[in-house]
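# Reading the structure
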Amino acid sequence: LTVGCVAHRFWGPGSATAEPQIQGTRSAARTSAGASGRQSTATRGQEGKPSANRNGASGFVGDTKQPIKNIVAVVNSQQITRQELGHECMRRHGKEVLESIVNKHLIMQACQQLGINITNQDVEDEVDDMASKFGLSKGRWLNMLESERDIKPEQYRREIIWPTLALRRLASQQIVVSREELQKAFESQYGRSVKVRVISVATPEKADKILRKVLAAPDEFGDVAKRDSEDTNSAAARGMIPPIRRHVGNEEIERVAFSLRAGEISSVIHAANQYLILKCVEHLSGAYIAGDNLVQIKRQLHDQIRDKKLRSAATKLFKELQEQAKVVNIFNNPTLSQQMPGVAATVNRRQITLDQLSDECLLRYGDDVLEGEINRVVLSQELKRRNRRVTEEAIDEEIARAADAYGYLRADNSPDVEGWLKTVTDADGVTVDLYVRDAVWPSVALKALVANRVQVTQEDLDKGFESNYGERVRVLVIVLGNHRQAQQVWKKARETDSDKEFGELAKKYSIEPVSRANLGQVPPVRKHSGQRPIEDEAFRLQKGELSQIIVVGNKQIIMRCLGRTEPVQVDREVIQAELHKDIQEKKLRLEMAKEFDRLKEFAQIDNFLAGTVQSGKRQVRQSSARVAPRPIQRTSFQNVAPAKQRR
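Just so it is clear, the structure is predicted and the values come from calculations on it, not from any experiment.

## Description of the overall build of the chain
Helix and strand counts for the chain stand at 24 helices and 16 strands. Taking all 647 residues of the chain together, 45% fall into the buried category. A total of about 34,800 Å² of accessible surface is found on the chain, and carbon and sulfur atoms cover 49% of it.

## Points about unusual backbone geometry
The backbone phi angle of asparagine 273 is positive, close to 65°, even though this residue is not glycine. Considering the arrangement of structural elements, one finds asparagine 273 in the loop between strand E7 (269-271) and strand E8 (274-284). Even without glycine at this site, arginine 349 takes up a positive phi of about 75°. Within the secondary structure, arginine 349 sits in the loop between strand E10 (343-347) and strand E11 (350-353). Classification of arginine 349 by relative accessible area gives exposed; the value is 78%.

## Considering the packing of aromatic side chains
Inspection of the entire model under this criterion finds six aromatic pairs. Ring geometry for phenylalanine 134 against tryptophan 141: centres 4.8 Å apart, planes inclined by 15°, an arrangement best described as stacked. What makes tryptophan 141 buried here is its relative accessible area of 2%. Taken together, the ring pairs connect Phe134, Trp141 and Tyr156 into an aromatic cluster. It is arginine 246 that lies over the ring of phenylalanine 258; its NZ or CZ is 3.9 Å from the centre. Between arginine 572 and the ring centre of phenylalanine 465, over which it is positioned, the NZ or CZ distance is 4.8 Å.

## Observations concerning the confidence of the model for the chain
In this model, the chain carries a mean pLDDT of 82, and residues with pLDDT of at least 70 account for 85%. Here residues 619-647 is modelled with pLDDT under 50, and outside its nearest four sequence neighbours on either side it reaches 69 contacts, counting other chains as well.

## Some points on the pattern of salt bridges
Taken as a whole, this structure holds 51 salt bridges when the rule is applied. The partner of glutamate 88 in a salt bridge is arginine 91, with the nearest N and O atoms 3.5 Å apart. Note that glutamate 88 and arginine 91 are positioned in helix H3 (residues 82-114) at a spacing of three residues, about one turn of the helix. Notably, a salt bridge pairs lysine 138 with aspartate 128, separated by 3.5 Å at the nearest N-O pair.

## A closer look at the sheet that holds E7
What the four strands build is an open sheet, ordered E6-E5-E8-E7; its pairing is antiparallel. A single partner strand is all that each edge strand has here, and the edge strands are strand E6 (244-245) and E7. Bridging between strand E5 (residues 193-201) and E8 involves nine bridges; their strand directions are antiparallel. Looking at the pairing, valine 201 lines up with tyrosine 275 of E8. Where helix H9 (residues 221-228) meets the sheet, it contacts E5 and E8, and its direction lies at approximately 45° from that of E5.

## A word on the state of the cysteines
All chains considered together, the criterion is met by zero disulfides. With no disulfide of its own, cysteine 361 lies closest to cysteine 89 among cysteine sulfurs, the gap being 6.3 Å.

## Here we look at the environment of glutamate 124
Mapped onto the elements of the fold, glutamate 124 is located in helix H4 (residues 120-133). Glutamate 124 sits 14 residues away from lysine 138 along the chain, and the two C-alpha atoms are 9.2 Å apart. Once residues within four sequence positions are removed from consideration, glutamate 124 is found in contact with Lys138 and Arg157. Side chain to side chain, glutamate 124 and arginine 157 meet in a polar contact 2.7 Å long.

## A few points about the packing of helix H18 (residues 458-469) against helix H23 (residues 572-602)
Where H18 meets H23, the axes come as close as 10 Å, and the angle between the chain directions of the two elements is 105°. As judged from the angle between their axes, H18 and H23 are roughly perpendicular. Only Arg572, Ile575, Gln576, Leu579, His580, Ile583 and Lys587 of H23 make contact with H18, whose side of the interface consists of Gln458, Asp460, Leu461, Asp462, Gly464, Phe465, Asn468 and Tyr469. Along the lines of polarity and charge, the residues of the contact of H18 with H23 split into six nonpolar, five polar and four charged.

## Things to note about the sheet that holds strand E4 (residues 78-81)
Judged by pairing direction, the sheet is antiparallel, and its four strands sit side by side in the order E4-E3-E15-E16 without closing on themselves. Each having just a single partner strand, E4 and strand E16 (612-614) make up the two edges of the open sheet. On average, each strand axis in the sheet is inclined to that of its neighbour by 15°, with strand direction left out of account.

## Considering the packing of helix H5 (residues 138-149) against helix H6 (residues 153-171)
Running from N to C, H5 and H6 point in directions that differ by 90°, and their axes come no closer than 9 Å. On the basis of the axis angle, H5 is roughly perpendicular to H6. Where H5 approaches H6, its residues Lys138, Trp141, Leu142, Leu145 and Glu146 are matched on the opposing element by Pro153, Tyr156 and Arg157. Looking at the contact of H5 with H6 residue by residue, the class counts come to five nonpolar, no polar and three charged.

## Digging into the pairing of E4
As judged from the four bridges shared by strand E3 (residues 71-75) and E4, these two strands associate in the antiparallel manner. Opposite isoleucine 71, over in E4, you have threonine 81 as the bridge partner. A loop of two residues connects E3 with E4, the two strands running antiparallel in sequence, and asparagine 76 in this loop sits at a positive phi of about 50°.

## A few points about the pairing of strand E14 (residues 555-564)
The element E14 is extensively covered by neighbouring structure, given that eight of its ten residues are classed as buried. As judged from the eight bridges shared by strand E12 (residues 473-480) and E14, these two strands associate in the antiparallel manner. Residue pairing for E14: isoleucine 478 is matched across the bridge by isoleucine 558. Two elements, strand E13 (residues 550-552) and E14, share three bridges in a ladder whose sense is antiparallel. Considered in E14, the bridge of valine 551 is made with glutamine 556. The hairpin formed by E13 and E14 contains two residues between the paired strands, and glycine 553 there has a positive phi angle of roughly 65°.

## Focus: the environment of tyrosine 365
Its location among the elements puts tyrosine 365 in helix H14 (residues 354-385). Tyrosine 365 sits in the buried class, given a relative accessible area of 8%. Separated by 279 residues in the primary sequence, tyrosine 365 and glycine 86 place their C-alpha atoms 9.4 Å from one another.

The rules behind each value
Residues numbered from 1 in each chain as written. Predicted model: local features only at pLDDT ≥ 70, side-chain atom pairs only at ≥ 80, totals over all residues. Heavy atoms only, no water. Helix = DSSP H or I, 4+ residues; strand = E, 2+ residues; numbered from the N terminus. Buried < 20%, exposed > 50% of the residue type's maximum accessible area, 1.4 Å probe, protein only. Areas by Shrake-Rupley, 256 points an atom, 1.4 Å probe, with all protein chains shown as cover. Phe/Tyr/Trp six-rings, centres within 6.5 Å; stacked < 30°, edge-to-face > 60°. Lys NZ or Arg CZ within 6 Å of the ring centre and 35° of its normal. pLDDT = per-residue confidence, 0-100. Contact = heavy atoms within 4.5 Å. Salt bridge = Lys/Arg side-chain N within 4 Å of Asp/Glu carboxyl O. Pairing = 2+ DSSP bridges. Axes fitted to C-alpha atoms, helices over the stretch in contact; angles between N-to-C directions. Disulfide = S-S within 2.5 Å. Polar contact = N/O pair within 3.5 Å; in protein donor to acceptor, adjacent residues only side chain to side chain. Parallel < 35°, antiparallel > 145°, perpendicular 65-115°, else oblique. Nonpolar A, V, L, I, M, F, W, Y, C, P; charged D, E, K, R; others polar.

What follows is the structure, given as structure tokens:
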């Protein structure tokens, strides 16, 4: 396990992730919305009504009438304030959220200049329309967004619907649907079409050869398409494709198709890096539309064209707003931050305050970040109670250990800490300080709490050496999901007399991807791997022998023995120190996980954002006023190879 794994376990997903850089123009609605952010449950039940600002434009800023509590959590009587949490949220997500706020301000200012006001009813009507397009009620649509996309209703209204409506309203003055556009749309959907077969190939030489063949025998066009066309979808239907309509795709293909008579074959057409040959099957008449329906259809076509042009115009308009705006990012500039304290950015000389940025970060990411801060408080309290502390030296040692474990070494075989830090911070997009705070510190803190509980015995060393350097059993494996099927497959395996036949059974029946893809082959079974039933059965088998059905959890496993490997000949004295270090680290990690679970189990935690209360179990104290540590579980030596040997 590495400090990265520790970060995920103790601080939750995403807590040590990057603060994304401001990217280029994305779709206007999503750019302004920041739709990927999680919404804090502090606002549950608040539907985020749009509120009109002093200049008349509507800004979807959420319901601010309800009082905001300053305390967001209490951990064993220690409070975490809203200001503290807001600061931590900004450290992790400030850049990303500020970009979103700036984009929203650009839209709001443009609306103010033109007197455009997006009302609450406008937003609700748009939500209704979106739900109806998917055949759902509003409630089911909002529930689907929350459950499948993690977008809460108030977030959806504030960060997606409102910006989308505002941009469309801004762009609508530029939209005109011409009579020619309406006519083309009508011809495309309701006009004549041509039913054709097609042959598609990649080279003109092959196309010319096929053209001569089908011109000589036109009735065999479908058979030639099935045999020679390189487009598998149409080849499977003997060249048949959906009828070609006007104003839909490639103009040249449409022109040629409509010029052909039934049964006629085209010349070679070059389109989209392919060479096509068409055969006209028949011309299809356009749809008959009664006069009463014609007006309604034209209105629908008009709206479709307008909506399509609106989306394009809104994206273009948003890009223009970004290019023309005077935005000063103070949050990311230490010098400007000192000159303008309390200000995160200015947009056309209007200020976005740090308090606004903090509130927005809390709204989106408060839940996740608070969980990490609660865990930090729990660990800090226990360190203080036991008079332990996390030192800079221990932090440096942990970073060096991670660098060594991942093979970041200098020429003298010492850990390349600088190289490791550059890799991990570049990959995750975090600063070194944030990496240390969210990944390294909790690991070091837990080590300080449990280090004296871990001892590496001679038995541990013997098992570790045997696991890594002793003989192993080479096997083919089939993994099944239920006992009845396992019995059926085992019966078939018993009737086979070759490794190849067993491998085919694995390919057909195994539910485990590696064994299925590799005809049953898996890494050799070693001793002390943590899978005792598999080990015992594997080391009992002789070459060519079939195992019994081994039950591990809810899986049934069948093995066929291929033989055994030779032990690795190494000087035990040479690798003893490295082996000792790796075993100790693995046992430490197991004990750290148990200790963290114990601390969380006994902690009293009131999380006001999530609306949860954990009373905490009462600790039974011994006469020494200490909680007796749990017994150390035996560790698995499956992957405890010395680091330098692994590399």
